[in-house]
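What the coordinates show
This is what each chain is made of:
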Amino acid sequence: QVELAESGGGWVQPGGSLRLACITSARDFIIDDMAWYRQAPGKQRELVASIAKGGATKYDLSVKDRFFIFRDNTKTTVYLQMGTLKPEDTAVYYCNIRARRFLHVEANDYWGQGTQVTVSS
């Protein structure tokens, strides 16, 4: 009953900006942490940024001060505002949420299908 819909990917020139959005449909679930990961060809999936339910954020050093993650808890949507994009940012970006069933303690991770971001001149 948890569905993630990602959008905002595409092509952009170096130095450009892009905003990713992940709209969640989690009937009877409570969303805790939300995050964005990315995976470039030949590399492992890595954490880009995360945001806790209370708003605390964490960023990978490579994107700190360039990317910003924020969430709309009422709409259960998480965004990733990407600025000053570099070719090395090229990857498939995945939305991830940690959610638990209403009135349950155990939480599980859920993933989107990914959206391609390509940065090139």
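See the structure printed just above.
Below is a short write-up of the structure. (Residues numbered from 1 in each chain as written. Predicted model: local features only at pLDDT ≥ 70, side-chain atom pairs only at ≥ 80, totals over all residues. Heavy atoms only, no water.)

**Looking at the packing of aromatic side chains**
In total, this model carries four aromatic pairs according to the counting rule given. Judged by centre distance (6.5 Å) and plane angle (75°), the rings of Y59 and F68 are edge-to-face. When its relative accessible area of 24% is taken as the criterion, Y59 is described as partly exposed. Relative accessible area serves as the criterion here: at 44%, F68 is assigned to the partly exposed category. Their ring planes at 15° and their centres at 4.9 Å tell us that F70 and Y79 sit as a pair that is stacked. Overall, the relative accessible area of 34% leaves F70 in the partly exposed class. For Y79, a relative accessible area of 17% translates into the label buried. Positioned above the aromatic ring of W111 is the side chain of R45, whose terminal nitrogen or guanidinium carbon lies 4.8 Å from the ring centre. (Phe/Tyr/Trp six-rings, centres within 6.5 Å; stacked < 30°, edge-to-face > 60°. Buried < 20%, exposed > 50% of the residue type's maximum accessible area, 1.4 Å probe, protein only. Lys NZ or Arg CZ within 6 Å of the ring centre and 35° of its normal.)

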